[in-house]
Amino acid sequence: MDALLPPRGTAQWQAADAAHFLHPFTDFGALAAQGSRIITRAEQLYLWDSEGQRLFDAMSGLWCVNVGYGQQALIDAATRQLQQLPFYNAFFQTATPPAIELAELLAELTPPQFRHAFFTGSGSEGNDTVVRMVRRYWDLQGQPDRRILISRNNAYHGSTMAGASLGGMKSMHAQGGLPIPGIVHIDQPYLAAYRRQRPAAAGLDEEEFGLIAARWLEKKVLELGPHRVAAFIGEPVQGAGGVIVPPASYWPEIQRICDRYDILLVSDEVITGFGRTGHWFGCETQGFRPDLMTFAKGVTSGYIPLGGVMVGERVARTLIELGGEFEHGYTYSGHPVACAVAVANLQLIREQRLVERVHDDVGPYLAEQFATLAGHPLVGDVQTSGLMGALLLVREAAGQSPFRPDQPVGMVCRGHCFAQGLIMRAVGDRMIVAPPLIISRAQIDEMMALIRHCLDLTLADVHSRGWLA
Ligand SMILES: *Cc1c(COP(=O)(O)O)cnc(C)c1O
(Lines give C-alpha, C1' and ligand atoms only; values in the text may rest on other atoms or scores of the structure.)
Protein backbone atom coordinates (compact mmCIF):
# COMPACT_ATOMS: atom_id res chain seq x y z
CA MET A 1 0.00 0.00 0.00
CA ASP A 2 2.85 2.38 0.81
CA ALA A 3 4.15 1.86 -2.72
CA LEU A 4 0.83 3.01 -4.16
CA LEU A 5 0.17 5.86 -1.78
CA PRO A 6 3.22 7.85 -0.74
CA PRO A 7 2.76 9.51 2.63
CA ARG A 8 1.24 12.96 2.29
CA GLY A 9 1.25 15.99 4.50
CA THR A 10 -1.83 17.74 5.85
CA ALA A 11 -1.92 20.37 3.10
CA GLN A 12 -1.81 17.72 0.39
CA TRP A 13 -4.61 15.71 1.98
CA GLN A 14 -6.67 18.87 2.33
CA ALA A 15 -6.13 19.83 -1.30
CA ALA A 16 -7.16 16.39 -2.59
CA ASP A 17 -10.11 16.33 -0.18
CA ALA A 18 -11.35 19.72 -1.37
CA ALA A 19 -10.87 18.67 -5.01
CA HIS A 20 -12.79 15.38 -4.89
CA PHE A 21 -14.65 14.50 -1.67
CA LEU A 22 -18.15 15.90 -1.06
CA HIS A 23 -18.72 15.49 2.69
CA PRO A 24 -22.12 14.70 4.28
CA PHE A 25 -24.09 17.62 5.85
CA THR A 26 -21.39 20.07 4.78
CA ASP A 27 -21.20 23.48 3.10
CA PHE A 28 -18.86 22.28 0.35
CA GLY A 29 -17.54 25.69 -0.63
CA ALA A 30 -16.87 26.85 2.92
CA LEU A 31 -15.06 23.63 3.85
CA ALA A 32 -12.93 23.68 0.70
CA ALA A 33 -11.83 27.22 1.60
CA GLN A 34 -11.05 26.27 5.19
CA GLY A 35 -9.64 22.74 4.78
CA SER A 36 -10.67 19.58 6.63
CA ARG A 37 -9.00 18.25 9.71
CA ILE A 38 -7.48 14.92 8.65
CA ILE A 39 -7.99 12.15 11.22
CA THR A 40 -5.38 9.43 10.83
CA ARG A 41 -5.59 7.03 13.77
CA ALA A 42 -7.33 6.22 17.03
CA GLU A 43 -6.94 4.27 20.23
CA GLN A 44 -9.52 3.65 22.95
CA LEU A 45 -11.29 7.03 23.15
CA TYR A 46 -8.61 9.23 21.62
CA LEU A 47 -8.10 10.30 18.01
CA TRP A 48 -5.01 11.76 16.38
CA ASP A 49 -4.98 14.11 13.40
CA SER A 50 -2.36 14.48 10.67
CA GLU A 51 -0.66 17.25 12.68
CA GLY A 52 -0.20 14.88 15.60
CA GLN A 53 -2.80 16.63 17.81
CA ARG A 54 -4.63 14.28 20.16
CA LEU A 55 -8.40 14.68 20.48
CA PHE A 56 -10.63 13.34 23.24
CA ASP A 57 -13.53 11.80 21.32
CA ALA A 58 -16.51 12.65 23.52
CA MET A 59 -18.92 11.80 20.65
CA SER A 60 -17.87 8.15 20.05
CA GLY A 61 -17.23 9.01 16.42
CA LEU A 62 -20.83 9.76 15.48
CA TRP A 63 -22.63 8.09 18.42
CA CYS A 64 -21.34 4.70 17.39
CA VAL A 65 -17.88 3.65 18.64
CA ASN A 66 -19.34 2.39 21.90
CA VAL A 67 -16.56 -0.09 22.73
CA GLY A 68 -13.85 2.43 21.80
CA TYR A 69 -11.22 2.19 19.10
CA GLY A 70 -8.79 -0.68 18.57
CA GLN A 71 -10.79 -3.60 20.00
CA GLN A 72 -8.94 -6.67 18.77
CA ALA A 73 -11.96 -9.00 19.03
CA LEU A 74 -13.83 -6.96 16.40
CA ILE A 75 -10.80 -6.71 14.14
CA ASP A 76 -10.25 -10.48 14.36
CA ALA A 77 -13.92 -11.24 13.65
CA ALA A 78 -13.81 -9.09 10.50
CA THR A 79 -10.50 -10.57 9.34
CA ARG A 80 -11.64 -14.16 9.83
CA GLN A 81 -14.91 -13.55 8.00
CA LEU A 82 -13.22 -11.67 5.14
CA GLN A 83 -10.95 -14.65 4.63
CA GLN A 84 -13.62 -17.30 4.87
CA LEU A 85 -16.55 -15.65 3.05
CA PRO A 86 -16.41 -11.88 2.41
CA PHE A 87 -19.90 -11.72 0.93
CA TYR A 88 -22.91 -13.71 0.11
CA ASN A 89 -26.48 -12.50 -0.25
CA ALA A 90 -29.64 -13.66 1.50
CA PHE A 91 -31.92 -13.31 -1.56
CA PHE A 92 -31.55 -16.75 -3.12
CA GLN A 93 -33.06 -18.75 -0.26
CA THR A 94 -29.54 -18.67 1.17
CA ALA A 95 -28.08 -17.46 4.47
CA THR A 96 -24.65 -17.15 6.08
CA PRO A 97 -23.78 -18.24 9.64
CA PRO A 98 -22.92 -14.71 10.92
CA ALA A 99 -26.32 -13.30 9.84
CA ILE A 100 -28.16 -16.17 11.51
CA GLU A 101 -26.04 -15.86 14.66
CA LEU A 102 -26.66 -12.13 14.88
CA ALA A 103 -30.42 -12.47 14.42
CA GLU A 104 -30.46 -15.11 17.16
CA LEU A 105 -28.33 -13.00 19.52
CA LEU A 106 -30.50 -9.91 18.94
CA ALA A 107 -33.62 -11.95 19.72
CA GLU A 108 -31.97 -12.80 23.03
CA LEU A 109 -30.80 -9.27 23.93
CA THR A 110 -33.90 -7.31 22.89
CA PRO A 111 -37.18 -7.18 24.88
CA PRO A 112 -39.25 -10.39 24.75
CA GLN A 113 -41.70 -9.26 22.04
CA PHE A 114 -38.83 -9.39 19.52
CA ARG A 115 -37.84 -12.66 17.89
CA HIS A 116 -37.00 -11.55 14.33
CA ALA A 117 -34.48 -9.19 12.74
CA PHE A 118 -34.45 -7.61 9.26
CA PHE A 119 -31.00 -6.31 8.28
CA THR A 120 -30.07 -3.17 6.35
CA GLY A 121 -26.87 -1.25 5.67
CA SER A 122 -27.67 1.78 7.84
CA GLY A 123 -30.11 3.43 10.20
CA SER A 124 -31.71 5.41 7.38
CA GLU A 125 -32.36 2.24 5.42
CA GLY A 126 -33.77 0.73 8.61
CA ASN A 127 -36.33 3.53 8.84
CA ASP A 128 -37.20 3.16 5.15
CA THR A 129 -37.85 -0.49 5.96
CA VAL A 130 -40.09 0.57 8.86
CA VAL A 131 -42.27 2.66 6.52
CA ARG A 132 -42.60 -0.21 4.04
CA MET A 133 -43.24 -2.74 6.78
CA VAL A 134 -45.92 -0.89 8.76
CA ARG A 135 -47.88 -0.10 5.60
CA ARG A 136 -47.60 -3.71 4.49
CA TYR A 137 -48.75 -4.83 7.93
CA TRP A 138 -51.93 -2.75 7.75
CA ASP A 139 -52.65 -3.89 4.18
CA LEU A 140 -52.45 -7.48 5.37
CA GLN A 141 -54.66 -6.63 8.32
CA GLY A 142 -57.32 -5.42 5.90
CA GLN A 143 -56.94 -1.78 6.98
CA PRO A 144 -55.24 -0.22 3.93
CA ASP A 145 -56.32 3.28 4.99
CA ARG A 146 -53.83 3.15 7.85
CA ARG A 147 -51.04 4.85 5.93
CA ILE A 148 -49.87 7.79 8.04
CA LEU A 149 -46.79 7.73 10.24
CA ILE A 150 -46.59 10.36 12.97
CA SER A 151 -43.18 11.63 14.03
CA ARG A 152 -41.85 14.69 15.87
CA ASN A 153 -40.31 18.05 15.09
CA ASN A 154 -36.54 18.08 15.57
CA ALA A 155 -36.39 14.26 15.39
CA TYR A 156 -33.57 12.64 13.41
CA HIS A 157 -34.35 9.42 11.58
CA GLY A 158 -31.72 9.49 8.83
CA SER A 159 -31.22 11.09 5.45
CA THR A 160 -32.84 8.90 2.81
CA MET A 161 -36.17 10.15 1.41
CA ALA A 162 -38.21 8.30 4.05
CA GLY A 163 -35.66 8.81 6.83
CA ALA A 164 -35.45 12.56 6.27
CA SER A 165 -39.25 12.74 5.95
CA LEU A 166 -39.74 10.96 9.27
CA GLY A 167 -37.16 13.29 10.76
CA GLY A 168 -38.37 16.70 11.84
CA MET A 169 -35.53 18.87 10.61
CA LYS A 170 -36.98 21.86 8.73
CA SER A 171 -33.66 22.56 7.00
CA MET A 172 -33.64 19.02 5.56
CA HIS A 173 -37.27 19.19 4.44
CA ALA A 174 -36.51 22.44 2.64
CA GLN A 175 -34.14 20.64 0.26
CA GLY A 176 -35.76 18.06 -2.02
CA GLY A 177 -39.47 18.60 -1.42
CA LEU A 178 -39.91 16.68 1.82
CA PRO A 179 -41.64 15.20 3.70
CA ILE A 180 -43.01 12.54 1.35
CA PRO A 181 -46.81 12.09 1.57
CA GLY A 182 -48.24 10.31 4.60
CA ILE A 183 -45.79 11.55 7.22
CA VAL A 184 -46.86 14.19 9.74
CA HIS A 185 -45.17 15.72 12.78
CA ILE A 186 -46.09 16.79 16.28
CA ASP A 187 -43.91 18.87 18.61
CA GLN A 188 -41.04 17.46 20.68
CA PRO A 189 -41.10 16.97 24.48
CA TYR A 190 -38.60 19.77 25.19
CA LEU A 191 -39.73 21.92 28.09
CA ALA A 192 -37.10 24.68 27.72
CA ALA A 193 -38.25 25.31 24.12
CA TYR A 194 -41.93 25.17 25.13
CA ARG A 195 -41.34 27.73 27.88
CA ARG A 196 -39.64 30.06 25.43
CA GLN A 197 -42.74 30.04 23.23
CA ARG A 198 -45.13 30.38 26.17
CA PRO A 199 -44.06 32.48 29.11
CA ALA A 200 -47.28 31.29 30.84
CA ALA A 201 -45.72 27.79 31.05
CA ALA A 202 -43.00 28.99 33.43
CA GLY A 203 -44.57 27.21 36.40
CA LEU A 204 -45.09 23.89 34.61
CA ASP A 205 -43.05 21.00 36.00
CA GLU A 206 -41.40 18.28 33.91
CA GLU A 207 -43.95 15.56 34.65
CA GLU A 208 -46.98 17.73 33.90
CA PHE A 209 -45.30 18.81 30.69
CA GLY A 210 -44.54 15.17 29.72
CA LEU A 211 -48.28 14.40 29.72
CA ILE A 212 -49.10 17.55 27.77
CA ALA A 213 -46.47 16.72 25.13
CA ALA A 214 -47.61 13.08 24.80
CA ARG A 215 -51.21 14.21 24.35
CA TRP A 216 -50.21 16.19 21.28
CA LEU A 217 -50.09 12.71 19.72
CA GLU A 218 -53.66 11.95 20.80
CA LYS A 219 -54.82 15.29 19.44
CA LYS A 220 -53.14 14.60 16.08
CA VAL A 221 -54.57 11.06 15.91
CA LEU A 222 -58.10 12.35 16.51
CA GLU A 223 -57.62 15.13 13.99
CA LEU A 224 -56.45 12.67 11.29
CA GLY A 225 -58.86 9.90 12.28
CA PRO A 226 -57.43 6.86 14.10
CA HIS A 227 -58.37 4.59 11.15
CA ARG A 228 -55.79 6.44 9.02
CA VAL A 229 -52.83 6.28 11.44
CA ALA A 230 -50.36 3.41 10.93
CA ALA A 231 -47.60 4.15 13.43
CA PHE A 232 -45.86 6.58 15.73
CA ILE A 233 -42.05 6.74 15.65
CA GLY A 234 -39.66 8.37 18.08
CA GLU A 235 -36.17 8.23 19.51
CA PRO A 236 -36.43 7.34 23.24
CA VAL A 237 -34.03 10.25 23.81
CA GLN A 238 -33.67 12.61 20.84
CA GLY A 239 -30.00 12.49 19.82
CA ALA A 240 -29.04 14.64 16.85
CA GLY A 241 -31.78 17.08 17.89
CA GLY A 242 -29.59 17.99 20.86
CA VAL A 243 -29.95 15.18 23.44
CA ILE A 244 -33.50 16.05 24.44
CA VAL A 245 -34.32 13.82 27.43
CA PRO A 246 -38.11 13.57 27.79
CA PRO A 247 -39.89 13.77 31.15
CA ALA A 248 -40.40 10.32 32.71
CA SER A 249 -44.17 10.66 32.21
CA TYR A 250 -43.87 11.08 28.43
CA TRP A 251 -43.30 7.62 26.95
CA PRO A 252 -45.74 5.69 29.18
CA GLU A 253 -48.45 8.13 28.06
CA ILE A 254 -47.40 7.67 24.41
CA GLN A 255 -47.74 3.92 24.99
CA ARG A 256 -51.24 4.36 26.41
CA ILE A 257 -52.32 6.41 23.38
CA CYS A 258 -50.87 3.93 20.85
CA ASP A 259 -52.60 1.06 22.66
CA ARG A 260 -55.89 2.90 22.81
CA TYR A 261 -56.01 3.63 19.05
CA ASP A 262 -54.28 0.41 17.98
CA ILE A 263 -51.31 2.32 16.49
CA LEU A 264 -47.95 0.60 15.96
CA LEU A 265 -45.22 2.05 18.17
CA VAL A 266 -41.73 2.31 16.66
CA SER A 267 -38.63 3.04 18.72
CA ASP A 268 -35.69 4.43 16.74
CA GLU A 269 -32.86 2.95 18.82
CA VAL A 270 -30.06 3.86 16.39
CA ILE A 271 -28.35 5.91 19.13
CA THR A 272 -30.02 4.61 22.28
CA GLY A 273 -29.55 0.91 21.49
CA PHE A 274 -26.90 -1.35 23.01
CA GLY A 275 -26.34 0.30 26.36
CA ARG A 276 -26.11 4.03 25.68
CA THR A 277 -28.83 4.96 28.20
CA GLY A 278 -27.95 2.35 30.84
CA HIS A 279 -30.24 -0.44 29.60
CA TRP A 280 -29.73 -2.53 26.49
CA PHE A 281 -32.38 -0.39 24.75
CA GLY A 282 -33.71 3.11 25.32
CA CYS A 283 -37.32 1.86 25.41
CA GLU A 284 -36.39 -0.08 28.56
CA THR A 285 -34.97 3.07 30.18
CA GLN A 286 -38.07 5.07 29.22
CA GLY A 287 -40.58 2.31 30.01
CA PHE A 288 -42.40 1.48 26.79
CA ARG A 289 -42.99 -1.58 24.64
CA PRO A 290 -42.38 -0.93 20.92
CA ASP A 291 -43.69 -3.08 18.06
CA LEU A 292 -40.65 -2.29 15.92
CA MET A 293 -37.15 -1.05 16.76
CA THR A 294 -34.66 0.46 14.32
CA PHE A 295 -30.98 -0.09 15.14
CA ALA A 296 -27.59 0.73 13.55
CA LYS A 297 -24.51 2.64 14.83
CA GLY A 298 -23.66 0.88 18.11
CA VAL A 299 -24.60 -2.59 16.80
CA THR A 300 -21.09 -2.83 15.31
CA SER A 301 -19.60 0.05 17.34
CA GLY A 302 -19.24 1.68 13.93
CA TYR A 303 -16.35 -0.57 12.89
CA ILE A 304 -18.33 -1.47 9.76
CA PRO A 305 -21.75 -0.29 8.51
CA LEU A 306 -24.82 -2.24 9.59
CA GLY A 307 -28.39 -1.44 10.51
CA GLY A 308 -31.72 -3.17 10.80
CA VAL A 309 -35.17 -3.44 12.28
CA MET A 310 -36.28 -5.68 15.12
CA VAL A 311 -39.75 -6.88 14.24
CA GLY A 312 -42.07 -7.63 17.14
CA GLU A 313 -44.29 -10.69 17.10
CA ARG A 314 -47.45 -8.70 16.35
CA VAL A 315 -46.03 -7.58 12.99
CA ALA A 316 -43.79 -10.60 12.33
CA ARG A 317 -46.63 -13.13 12.67
CA THR A 318 -48.73 -11.20 10.18
CA LEU A 319 -45.89 -10.90 7.65
CA ILE A 320 -44.95 -14.56 8.02
CA GLU A 321 -48.43 -16.09 8.11
CA LEU A 322 -50.40 -13.83 5.78
CA GLY A 323 -47.75 -12.02 3.83
CA GLY A 324 -46.43 -13.95 0.86
CA GLU A 325 -43.33 -12.29 -0.53
CA PHE A 326 -42.23 -9.02 1.14
CA GLU A 327 -40.96 -7.02 -1.83
CA HIS A 328 -38.14 -5.24 -0.04
CA GLY A 329 -34.47 -5.81 0.80
CA TYR A 330 -30.92 -4.68 0.18
CA THR A 331 -27.87 -6.26 -1.43
CA TYR A 332 -26.17 -5.99 1.96
CA SER A 333 -29.08 -7.23 4.12
CA GLY A 334 -27.24 -9.64 6.42
CA HIS A 335 -23.74 -8.88 5.13
CA PRO A 336 -21.60 -11.63 6.68
CA VAL A 337 -18.61 -9.45 7.62
CA ALA A 338 -20.81 -6.76 9.18
CA CYS A 339 -22.81 -9.39 11.06
CA ALA A 340 -19.65 -11.13 12.31
CA VAL A 341 -18.34 -7.82 13.67
CA ALA A 342 -21.72 -7.14 15.31
CA VAL A 343 -21.71 -10.53 17.04
CA ALA A 344 -18.18 -9.92 18.36
CA ASN A 345 -19.15 -6.41 19.47
CA LEU A 346 -22.28 -7.52 21.33
CA GLN A 347 -20.41 -10.37 23.01
CA LEU A 348 -17.75 -7.90 24.14
CA ILE A 349 -20.39 -5.54 25.56
CA ARG A 350 -21.92 -8.45 27.42
CA GLU A 351 -18.62 -9.92 28.70
CA GLN A 352 -17.34 -6.56 29.90
CA ARG A 353 -20.74 -5.76 31.43
CA LEU A 354 -20.70 -2.34 29.77
CA VAL A 355 -24.48 -1.86 30.00
CA GLU A 356 -24.44 -2.48 33.77
CA ARG A 357 -21.44 -0.18 34.04
CA VAL A 358 -23.32 2.66 32.35
CA HIS A 359 -26.35 2.00 34.56
CA ASP A 360 -24.59 1.65 37.91
CA ASP A 361 -21.34 3.54 37.63
CA VAL A 362 -20.27 5.87 34.82
CA GLY A 363 -23.83 6.97 33.87
CA PRO A 364 -24.69 8.25 37.37
CA TYR A 365 -21.19 9.73 37.64
CA LEU A 366 -21.64 11.67 34.39
CA ALA A 367 -25.02 12.95 35.67
CA GLU A 368 -23.43 14.10 38.93
CA GLN A 369 -20.58 15.85 37.11
CA PHE A 370 -22.86 17.50 34.54
CA ALA A 371 -25.05 18.82 37.36
CA THR A 372 -22.05 20.75 38.71
CA LEU A 373 -21.86 22.64 35.38
CA ALA A 374 -25.23 24.24 36.12
CA GLY A 375 -23.37 26.79 38.25
CA HIS A 376 -21.41 28.11 35.26
CA PRO A 377 -22.58 31.56 34.11
CA LEU A 378 -23.09 30.32 30.52
CA VAL A 379 -25.01 27.16 31.39
CA GLY A 380 -28.81 27.02 31.62
CA ASP A 381 -30.40 23.61 31.40
CA VAL A 382 -28.32 20.42 31.95
CA GLN A 383 -29.62 16.94 31.00
CA THR A 384 -28.17 13.43 30.85
CA SER A 385 -29.41 9.91 30.15
CA GLY A 386 -26.83 7.20 30.70
CA LEU A 387 -23.82 8.33 28.68
CA MET A 388 -25.62 11.05 26.72
CA GLY A 389 -25.24 14.55 28.08
CA ALA A 390 -26.33 18.03 27.03
CA LEU A 391 -25.95 21.54 28.33
CA LEU A 392 -27.76 24.60 27.05
CA LEU A 393 -25.74 27.79 26.60
CA VAL A 394 -27.64 30.87 27.75
CA ARG A 395 -26.83 34.54 28.26
CA GLU A 396 -27.76 34.69 31.91
CA ALA A 397 -27.75 31.38 33.67
CA ALA A 398 -30.48 32.44 36.07
CA GLY A 399 -32.81 34.09 33.56
CA GLN A 400 -32.21 31.42 30.87
CA SER A 401 -32.13 34.23 28.36
CA PRO A 402 -31.19 32.68 25.01
CA PHE A 403 -28.53 33.95 22.65
CA ARG A 404 -29.92 35.56 19.51
CA PRO A 405 -30.01 33.63 16.20
CA ASP A 406 -27.19 35.85 14.87
CA GLN A 407 -25.01 34.84 17.83
CA PRO A 408 -23.93 31.25 17.04
CA VAL A 409 -22.61 30.52 20.51
CA GLY A 410 -22.62 26.75 19.97
CA MET A 411 -20.24 27.05 17.03
CA VAL A 412 -17.99 29.36 19.04
CA CYS A 413 -17.88 26.87 21.90
CA ARG A 414 -17.28 23.96 19.54
CA GLY A 415 -14.35 25.84 18.02
CA HIS A 416 -12.75 26.24 21.45
CA CYS A 417 -13.34 22.55 22.19
CA PHE A 418 -11.59 21.38 19.02
CA ALA A 419 -8.69 23.76 19.65
CA GLN A 420 -8.32 22.35 23.17
CA GLY A 421 -8.41 18.73 21.95
CA LEU A 422 -12.03 17.90 22.84
CA ILE A 423 -14.69 16.79 20.39
CA MET A 424 -18.01 18.02 21.72
CA ARG A 425 -20.86 18.59 19.28
CA ALA A 426 -22.94 21.76 19.00
CA VAL A 427 -26.65 21.55 18.13
CA GLY A 428 -27.82 25.13 18.05
CA ASP A 429 -27.07 26.39 21.56
CA ARG A 430 -26.87 22.89 23.06
CA MET A 431 -23.46 21.31 23.59
CA ILE A 432 -23.62 17.53 23.67
CA VAL A 433 -21.49 14.50 24.52
CA ALA A 434 -21.91 10.74 24.08
CA PRO A 435 -18.56 9.18 25.00
CA PRO A 436 -17.68 5.50 24.46
CA LEU A 437 -19.22 3.17 27.05
CA ILE A 438 -15.72 2.05 28.09
CA ILE A 439 -15.01 5.51 29.56
CA SER A 440 -13.65 5.42 33.13
CA ARG A 441 -14.39 7.84 35.98
CA ALA A 442 -10.87 9.27 35.57
CA GLN A 443 -11.57 9.86 31.87
CA ILE A 444 -14.89 11.54 32.73
CA ASP A 445 -12.88 13.83 35.05
CA GLU A 446 -10.49 14.56 32.19
CA MET A 447 -13.43 15.35 29.88
CA MET A 448 -15.12 17.56 32.50
CA ALA A 449 -11.93 19.56 33.05
CA LEU A 450 -11.74 20.18 29.30
CA ILE A 451 -15.44 21.15 29.15
CA ARG A 452 -15.06 23.63 32.05
CA HIS A 453 -11.97 25.17 30.46
CA CYS A 454 -13.74 25.48 27.09
CA LEU A 455 -16.81 27.06 28.74
CA ASP A 456 -14.52 29.65 30.35
CA LEU A 457 -12.84 30.37 27.01
CA THR A 458 -16.28 30.66 25.37
CA LEU A 459 -17.49 33.02 28.09
CA ALA A 460 -14.48 35.31 27.59
CA ASP A 461 -14.96 35.11 23.82
CA VAL A 462 -18.69 35.98 23.76
CA HIS A 463 -18.02 38.74 26.29
CA SER A 464 -15.42 40.32 24.00
CA ARG A 465 -17.84 39.97 21.04
CA GLY A 466 -20.35 41.98 23.02
CA TRP A 467 -22.95 39.17 23.01
CA LEU A 468 -23.60 39.40 26.72
CA ALA A 469 -24.59 43.06 26.60
C1 LIG B 1 -27.85 8.30 12.85
C2 LIG B 1 -29.30 8.06 13.01
C3 LIG B 1 -30.06 7.50 11.99
C4 LIG B 1 -29.51 7.28 10.61
O5 LIG B 1 -28.54 6.30 10.57
P6 LIG B 1 -27.52 6.25 9.32
O7 LIG B 1 -26.73 5.02 9.59
O8 LIG B 1 -26.73 7.53 9.36
O9 LIG B 1 -28.35 6.13 8.11
C10 LIG B 1 -31.38 7.20 12.24
N11 LIG B 1 -31.93 7.43 13.43
C12 LIG B 1 -31.23 7.97 14.44
C13 LIG B 1 -31.88 8.15 15.77
C14 LIG B 1 -29.89 8.33 14.26
O15 LIG B 1 -29.20 8.90 15.24
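Residues numbered from 1 in each chain as written. Predicted model: local features only at pLDDT ≥ 70, side-chain atom pairs only at ≥ 80, totals over all residues. Heavy atoms only, no water.

By the naming in an unreviewed UniProt entry, the protein is Putrescine aminotransferase, taken from Sphaerotilus hippei. Quoted verbatim from the Cofactor (unreviewed entry) heading of the UniProt record, the comment on the protein is "pyridoxal 5'-phosphate". Per UniProt, the protein carries the Sequence similarities (unreviewed entry) text "Belongs to the class-III pyridoxal-phosphate-dependent aminotransferase family." (UniProt positions renumbered as here; feature names shortened; annotations may be inferred.)

Focus: the packing of helix α10 (residues 206-224) against helix α11 (residues 250-260)
Remark: α10 packs on α11, axes separated minimally by 8 Å, with the N-to-C direction vectors making an angle of 25 degrees. Taken together, the axis directions place α10 and α11 in an arrangement best described as roughly parallel. Relative to α11, α10 is oriented so that their crossing is right-handed. Of α11, the residues touching α10 (which contributes Gly-210, Leu-211, Ala-213, Ala-214, Arg-215, Leu-217 and Glu-218) are Tyr-250, Glu-253, Ile-254, Arg-256, Ile-257, Cys-258 and Arg-260. (Axes fitted to C-alpha atoms, helices over the stretch in contact; angles between N-to-C directions. Helix = DSSP H or I, 4+ residues; strand = E, 2+ residues; numbered from the N terminus. Parallel < 35°, antiparallel > 145°, perpendicular 65-115°, else oblique. Left-handed = near helix turned anticlockwise from the far one by under 90°. Contact = heavy atoms within 4.5 Å.)

Let's talk about the packing of helix α4 (residues 72-84) against helix α14 (residues 336-351)
At a minimum axis distance of 8 Å, the contact between α4 and α14 shows a crossing angle of 155 degrees. By the angle between their axes, α4 is roughly antiparallel relative to α14. For the pair α4 and α14, the crossing hand works out as right-handed. Contact residues: α4 offers Ala-73, Leu-74, Ala-77, Ala-78, Gln-81 and Leu-82, while α14 offers Pro-336, Val-337, Ala-340, Val-341, Ala-344, Asn-345 and Leu-348. Taken together, the residues of the contact of α4 with α14 break down into 11 nonpolar, two polar and no charged. (Nonpolar A, V, L, I, M, F, W, Y, C, P; charged D, E, K, R; others polar.)

Side note on the nonpolar core
Judged by nonpolar contacts, the single largest core of 95 residues is most densely connected at Phe-232, Leu-391 and Ile-451. Ranked by the residues each element gives to this core, the list is headed by α14, at 10 residues. Both domains that furnish three or more residues to this core are identified here as domain 1 (37-67 + 353-464) and domain 2 (72-351). Residues in contact with Leu-391, not counting those within four places in the same chain, are Phe-370, Leu-373, Val-379, Asp-381, Val-382, Met-424, Asp-429, Arg-430, Met-431, Ile-451 and Leu-455. (Core = buried A, V, L, I, M, F, W, Y, C linked by side-chain atoms within 4.5 Å. Buried < 20%, exposed > 50% of the residue type's maximum accessible area, 1.4 Å probe, protein only. Domains from an automatic or database assignment.)

Quick notes on the state of the cysteines
Inspection of the entire model under this criterion finds zero disulfides. Here Cys-413 is not cross-linked by a disulfide; its sulfur's nearest cysteine counterpart is in Cys-417, at 4.2 Å. You can call Cys-413 buried: its relative accessible area is 2%. (Disulfide = S-S within 2.5 Å.)

Here we look at the sheet that holds strand β1 (residues 39-43)
Strand order across the open sheet formed by four strands is β1-β2-β3-β13, with mixed pairing between neighbours. Both outer strands of the open sheet, β1 and β13 (422-423), are each paired with one neighbouring strand and no more. Sheet analysis places β1 next to strand β2 (residues 46-49), joined by four bridges and oriented antiparallel. Following the sheet pairing, Ala-42 is matched in β2 by Leu-47. Docked against the sheet, helix α17 (residues 441-464) engages β2, β3 (54-57) and β13, running at close to 110 degrees with respect to β3. (Pairing = 2+ DSSP bridges.)

A closer look at the packing of aromatic side chains
Using the criterion set out here, one finds 16 aromatic pairs in the structure. On the basis of an interplanar angle of 80 degrees and a centroid distance of 5.5 Å, the ring pair of Tyr-250 and Trp-251 is categorised as edge-to-face. A single burial state applies to Tyr-250 and to Trp-251, both of which are buried. Here Phe-403 and Trp-467 contribute two aromatic rings whose centre-to-centre distance is 6.4 Å and whose plane-to-plane angle is 65 degrees, an arrangement assigned as edge-to-face. (Phe/Tyr/Trp six-rings, centres within 6.5 Å; stacked < 30°, edge-to-face > 60°.)

Section: the domain arrangement of the protein
Partitioning the protein into domains gives domain 1 (37-67 + 353-464) and domain 2 (72-351). For domain 1 versus domain 2, the separation of C-alpha centres amounts to 26 Å. On the side of domain 2, 33 residues touch domain 1, which itself brings 29 residues to the contact. Here domain 1 and domain 2 share an interface that buries about 2,500 Å² over both sides, 61% of which is from carbon and sulfur atoms. Our count for the contact surface shared by domain 1 and domain 2 stands at zero salt bridges. Listed by contribution, the elements that provide at least two residues to the side of domain 1 that touches domain 2 are α3 (60-63), α15 (354-373), β11 (379-385), β12 (388-393) and β15 (430-433). A per-class count over the side of domain 1 that touches domain 2 returns 18 nonpolar, eight polar and three charged. (Buried area = accessible area lost by both parts, 1.4 Å probe. Salt bridge = Lys/Arg side-chain N within 4 Å of Asp/Glu carboxyl O.)

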